[in-house]
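# Topology and contacts: notes
Spelled out, the chains give:
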Amino acid sequence: MKLDRYLLIAFVAVGLVLPLFGDTFFLMKVYCFALFACAFNLLVGYAGLLAFGHAAFFGAASYVSAFALKSWGWPMEVAIIASVISSAALGLVFGAIAIRRTGIYFAMITLALSQIIYFMAVQLPFTQGEDGIHGVPRPPLLGFINVSSDEQLYYFVLAVFVFGFLAIYRIVHSPFGHTMRSIRDNETRAISLGYDTQHYKLGVFVLSAAIAGLAGGTKAAVVQLASLTDVHFQMSGEVILMVIVGGVGTLWGPVIGAALIVAMHDYLASIGEWMIVIQGLLFLAVVQFFRRGIMGELLALLSRIGLRKGTDKNEATTGETLA
Amino acid sequence: MIFGYPIQLIMGQVLIGLINGSLYAMMSLGLAVIFGVLRVVNFAHGAQYMMGAFVALMLWQWLGVGYWPALVLVPIIMAIVGIVLERLFLRRLYHIDHMYGLLATYALALIIEGTFRKFFGAAGTAYPNPLPGGINLGFMFLPWYRGWVVVVSVVICAATWFAIERTRLGALLRAATENPVMVRAFGLNVPLIITVTYGFGVALAAFAGVIAAPIQNVSPQMGSHVIAVIFAVVVIGGMGSILGAIVAGFLLGIVEGLTKVFYPEGSSIVIFLVMILVLSLRPAGMFGRPT
Amino acid sequence: MDKAMLSISRLEGGYGESAVLHGIDLEIRPGEVVTLLGRNGAGKSTTLKAIIGILEKREGSIRFDGKETIRMSSDAIARLGVAYCPEERAIFGSLTVDENMALPPVIAKGGLGVSEIQALFPNLQHRRHAYGSHLSGGEQQMLAIGRILRTGARFLLLDEPTEGLAPVIVKQIGQTIDALKRKGFTILLVEQNFRFALRHASRHYVMEEGRVAEMLEGEISDEGMKRIESYLGV
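In this report, we go over the structure that sits alongside the text. Here the structure is a predicted model, which means the values were calculated and not measured. (Residues numbered from 1 in each chain as written. Chains lettered and ligands numbered in written order. Predicted model: local features only at pLDDT ≥ 70, side-chain atom pairs only at ≥ 80, totals over all residues. Heavy atoms only, no water.)

### What about the overall build of chain A?
The following threshold applies: Numbering of helices and strands runs from the N terminus; a helix is a DSSP stretch of H or I covering at least four residues, while a strand is a stretch of E covering at least two. Only C-alpha atoms enter the radius of gyration, while the globule expectation follows 2.2 Å times N to the 0.38, with N the number of residues. The buried label goes to any residue with under 20% of its type's maximum accessible area, the exposed label to any with over 50%, and the partly exposed label to all in between, with areas taken from a 1.4 Å probe on protein chains only. Two residues form a contact once any of their heavy atoms are found within 4.5 Å. Surface exposure here means Shrake-Rupley accessible area, sampled with a 1.4 Å probe, where a residue is shielded only by the protein chains that are shown. Under the counting rule used here, the positive set is Lys and Arg, the negative set is Asp and Glu, and His together with the chain ends is not counted. For charged residues, the charge sits on one atom: NZ in Lys, CZ in Arg, CG in Asp, CD in Glu.
Looking only at helices and strands, one finds 14 helices and zero strands in chain A. Mapped from its N terminus to its C terminus, chain A presents α and β elements in the order α-α-α-α-α-α-α-α-α-α-α-α-α-α. Its C-alpha radius of gyration of 19 Å places chain A within 12% of the 20 Å reference for a compact globule of 323 residues. Along the three orthogonal principal directions, the C-alpha set of chain A runs to about 50 × 45 × 40 Å. Every one of the 323 residues in chain A was classed for burial, and the buried ones make up 58%. Nonlocal contacts in chain A, meaning residues at least 24 apart in sequence, comprise 76% of its contacts between residues at least 6 apart. Of the accessible surface of chain A, which amounts to about 12700 Å², a share of 68% is contributed by carbon and sulfur atoms. Treating the 19 positive side-chain charges of chain A as one cloud and the 18 negative ones as another, the clouds have centres 12 Å apart.

### Section: empty space enclosed by the protein
Note the cut-off: Method remark: on a 1 Å grid restricted to protein atoms, a set of points is classed as a cavity if a 1.4 Å probe fits but cannot get out and as a pocket if it is open with protein on both sides within 12 Å along at least five of seven lines; lining residues have an atom within 4 Å of a point. Grid points are joined across faces, edges and corners, and a volume is the space filled by probe spheres set on the points. For this classification, the nonpolar set comprises Ala, Val, Leu, Ile, Met, Phe, Trp, Tyr, Cys and Pro, the charged set comprises Asp, Glu, Lys and Arg, and every other residue, Gly included, is treated as polar.
Under the counting rule described, the total for this entry stands at five cavities of 30 Å³ or more. In this structure, the largest cavity occupies an estimated 110 Å³ of space. As for the largest cavity, its lining consists of 14 residues, and the residues nearest its centre are Phe233(A), Ala47(B), Ala109(B), Glu113(B) and Ser224(B). Elements that contribute at least two residues to the lining of the largest cavity include exactly helix 11 (233-246) of chain A together with helix 2 (45-63), helix 4 (99-120) and helix 9 (222-237) of chain B. Of the residues in the lining of the largest cavity, the class split is nine nonpolar, four polar and one charged. Space inside the second largest cavity adds up to approximately 70 Å³. Looking at the lining of the second largest cavity, the element that brings in the most residues is strand 6 (residues 82-85) of chain C, giving three residues. In the lining of the second largest cavity, the residues fall into eleven nonpolar, one polar and no charged.

### With respect to the arrangement of the chains
Once contacts are tallied for each of the two pairs of chains in contact, the highest total is for chains A and B. Separated in space, chain A and chain C share no contact, their closest pair of C-alpha atoms being 12 Å apart.

### Overview of the sheet that holds strand 5 (residues 67-68) of chain C
All names here are of chain C. The line we're drawing: Pairing between two strands requires that DSSP report at least two bridges joining them. Think of each axis as a best-fit line through the C-alpha atoms, taken over the contacting stretch in the case of a helix, with angles from 0 to 180 degrees between the N-to-C directions.
Spatially, 2-1-4-5 is the arrangement adopted by the four strands of the open sheet, whose pairing is antiparallel. Among the strands making up the open sheet, the edge pair consists of strand 2 (18-28) and strand 5. Pairing geometry for strand 4 (residues 57-64) and strand 5, over two bridges, is antiparallel. Directly across from Arg63, in strand 5, lies its bridge partner Glu68. Each of strand 1 (6-15), strand 2 and strand 4 is contacted by helix 1 (residues 44-52), which is oriented at about 110° to strand 1, the strand it contacts most.

### Quick notes on the interface of chain B and chain C
As a reminder of what qualifies: The term buried area means the drop in 1.4 Å probe accessible area that two parts suffer when joined, counted for both and summed. Think of a salt bridge as a Lys or Arg side-chain nitrogen and an Asp or Glu carboxyl oxygen that are within 4 Å of each other. Throughout this description, a polar contact denotes any pair of N or O atoms lying within 3.5 Å of each other; where both atoms belong to protein, one of them has to be capable of donating a hydrogen while the other can accept it, and for residues adjacent in sequence the pair is counted only when both atoms sit in side chains.
Counting residues at the interface gives 19 residues for chain B, matched by 23 residues for chain C. Counting the surface lost from both chain B and chain C, the interface buries some 1800 Å², and carbon and sulfur atoms represent 60% of this. Applying the counting rule to chain B against chain C returns two salt bridges. The residue Glu99(C) makes a salt bridge to Arg174(B) at a minimum N-O spacing of 2.8 Å. Viewed at the interface, chain C and chain B are joined by seven residue pairs in polar contact (both at pLDDT 80 or more). Contributing elements (two or more residues each) for the side of chain B that touches chain C: helix 5 (144-166), helix 6 (168-178) and helix 7 (180-185) of chain B. It is helix 6 of chain B that provides the largest number of residues to the side of chain B that touches chain C, a total of six residues.

### Brief notes about the interface of chain B and chain A
Counting residues at the interface gives 47 residues for chain B and 40 residues for chain A. Counting across the chain B and chain A interface gives four residue pairs in polar contact (both at pLDDT 80 or more). For the side of chain B that touches chain A, the secondary structure elements donating two or more residues are helix 3 (67-90), helix 4, helix 9 and helix 11 (270-281) of chain B. Broken down by element, the side of chain B that touches chain A gets its largest block of residues, 15 residues, from helix 4 of chain B. Residues of the side of chain B that touches chain A, tallied by class, amount to 33 nonpolar, eight polar and six charged.

### Observations concerning helix 3 of chain B
Operational definition: At any given residue, the bend is defined as the angle formed between two axes, one fitted to the seven residues that end at that position and one fitted to the seven that begin there.
Largest kink in helix 3 of chain B: about 30°, centred on Leu73(B), with the proline Pro75(B) one to four residues after it. Contact partners of the buried residues in helix 3 of chain B: helix 1 (7-38), helix 2, helix 4, helix 5 and helix 8 (190-212) of chain B.

### Side note on unusual backbone geometry
The phi torsion at Gln224(A) lies on the positive side, around 60°, for a residue other than glycine. Mapping Gln224(A) onto the fold places it in the loop between helix 9 (197-223) and helix 10 (228-231). In the Ramachandran plot, Asp65(C) falls in the positive-phi region, its phi being about 50° despite a non-glycine side chain. Residue position: Asp65(C) is located in the loop between strand 4 and strand 5.

### Describing the sheet that holds strand 8 (residues 186-190) of chain C
All names here are of chain C. Reading across the sheet, the six strands line up as 6-7-8-3-9-10 and stay open at both edges, with mixed pairing between neighbours. Every other strand in the sheet has two partners, leaving strand 6 and strand 10 (211-217) as the edge strands with one partner each. Strand-to-strand, the axes of this sheet are offset by a mean angle of 20°, without reference to chain direction. Across four bridges, strand 3 (residues 33-38) lies against strand 8 in parallel orientation. Within strand 8, the position partnered with Val34 by the bridge is Leu188. Across the sheet, helix 5 (residues 137-149) lies against strand 6 and strand 7 (155-159), angled at about 170° from strand 6, the strand it touches most. Packing of helix 8 (residues 222-232) onto the sheet brings it into contact with strand 3, strand 9 (203-208) and strand 10, and relative to strand 10 it is tilted by some 150°.

### Re helix 11 of chain B
Applied cut-off: Multiply 1.5 Å by the residue count of a helix minus one, and that product is the helix's expected span.
In a regular helix each residue adds 1.5 Å, so twelve residues correspond to 16 Å; helix 11 of chain B covers 17 Å between its end C-alpha atoms and thus fits that length. Turning to helix 11 of chain B, the residues buried within the fold contact helix 4 (76-98) and helix 5 (103-123) of chain A together with helix 1, helix 9 and helix 10 (242-262) of chain B.

### A few points about the nonpolar core
Basically, it comes down to this: Residues grouped as a nonpolar core are buried Ala, Val, Leu, Ile, Met, Phe, Trp, Tyr and Cys residues, joined through side-chain atoms within 4.5 Å.
Within the largest apolar cluster, 296 residues are counted, with the highest numbers of intra-cluster contacts made by Phe283(A), Ile211(B), Leu149(C) and Phe155(C). When residues in this core are grouped by element, the largest group, 17 residues, is from helix 2 (residues 24-44) of chain A. Excluding its chain neighbours within four sequence positions, the residues that come into contact with Ile211(B) are Leu23(B), Met26(B), Tyr67(B), Leu71(B), Tyr145(B), Trp148(B), Val149(B) and Val152(B). With ten residues, the next largest nonpolar core counts Val206(C), Leu216(C), Ile220(C) and Tyr231(C) among its residues.

Shown next as structure tokens:
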């Protein structure tokens, strides 16, 4: 636990100086997708619920934020808060429907529900269909902090990421988080201990949707675009890929996975159609051979050579079960 | 006129719905059969449907093999493809969380669709109609091919239902669905049953693909467009229920067609809304047994 | 000494992380009816699962008709002529009685004919088209035994066939076991009901904590009975 705190401090320290060396636009995208992946990991890794429709929350927030910024001219922070609230509300509705079933059914139902959002995005006038909402402005933060350039916006996005990451960290280590994990490990037992497991699952679903919304809403300001890509089920697949490549149920795995996939998108953009094939191959390889993901394998290696005492119950699965 | 809409319009949309329903039924049937025995939700089902259409297209363009032989050849070819995929990628995932099977087949879907998009482009190609013309029924014009689609789908669905529910081979399949360990302990080669079942499910998807080729644009995305709908159909019918998959498939196709008449904007999401409704009333689906 | 049909030595095994069997040694000769006695959790059912090959983790040696089966898959073991009737009976609920009966494949000649099985279990005959899920416990048990007699397997593993059944049906099952013995079947029977076991079997292995604690044969003395009772905690 202490290690995680040091890692976060180191991460922030590096994050603060990175703009001196790196491409801030790329880094901001990484933060947004990393936060999205962490939000998804909260659901799959810590609550054991694999959804296949998280693009709905990410994408809906992206549209809400883009529309509020562009058409209503709302301040940055208000637009993002509005997108979080809308995703949380959507999460409440979808969650209430989906948590009645588990496992594969849950995955299929969340996929089907997310398609409703996708088709609404295709048809509703305010989303501008195939084109998406272009040229989203970046109004000053709190009305006076200029964030119009990438360099200025960068620190805000870093702060949003750290805020979201800490929120997840707090949730995971709270009594609520402990109950959530005991439901994941043995729901029948949790029920017999008197927990209303459905409420907990719905709770974590809404939290995960809200944080995915935070990521999506911020992303719209970063990329200055909300489009159908954000709500397509391939986005739901991509966030799963990020999480399992990085390591399901590990705190940092999703961050690593997201950085990897975003980098892949950027550097392999030139190969066009092959991108999706390579993603598929990576997905297949991870599912077949490295189910613990990068972070999970690393943690397992550390405990094997004795640098890490035992296995942390909060983390690293054996790869036999997803969560 | 019905509710102020011309009967021709309604019947036309019901027919289109019935045709889509035929495809939904055949695809969700394949998905249900695979799920029953493998406990894998075959996310690649859409991609395999698309491949079925493309293999028919390639047979015609490159070898001059027409629609009717393709109707037999393509499912056989695709069954072999399915068997190879099962042996290579799915076999090793059965003993772990079933979600990995879903993810592995999703990965396969990405690879298949991406590869076809690379080689054939996203635009798509038309496949010639093997049964041009039609008949005027008075209240509507029925193209021969569309009639054929409905008939052949009903026959295939009924035959599959019969084979599973009423034959010895079907009993084997049902038994393997229920308790594969025990079936194996009787001396039956369960891994082989699993492989063959997957091949059969893929063949059904490919058959639907061939059927769809003359009425839809044959494009790499035709599978991913339909897969989420098929999932919803299977959930509505009741996961793993053969009859549920068939009935829900036809029914939802018609519901979708009627929605196109009365509220066109809702037609792409109506199936998902029905799913929500069914799940709230019967969480196990129309024909599913509560778990 | 007769050549053993089944000989097990140093058998260990269990589920996942937990070991249940800690070195079992036993032998069964052709035509014998042998019971495994012991308390709950002694490893009786696990031993049967190891023999038929559905216990994932098993080590040591299990030889059937001289052939080592410890690494074989359960379908290969079954085809050697071993048939298994599990404690939970494992009747397929979505199959009719007839379909359940026809499911296990014939692996050798010498199985009972349909009429012979019907003679053993007359109750099953008028339930032929009923689905397995609609059968009573007794009917399920008869079906579970009946369906493995057709296959030509000569070695039967019966796990607690009398559990939870009415006395009249227990009696019928006992008669069936006697009849099968007369027909030359070899049977390994797991029983909680040790009076039933003593009545129908000729030899008894008493198991305790994953090991064979004792083997008893033939007429059992009062002193032997007392020892069994103390093992079983009756």
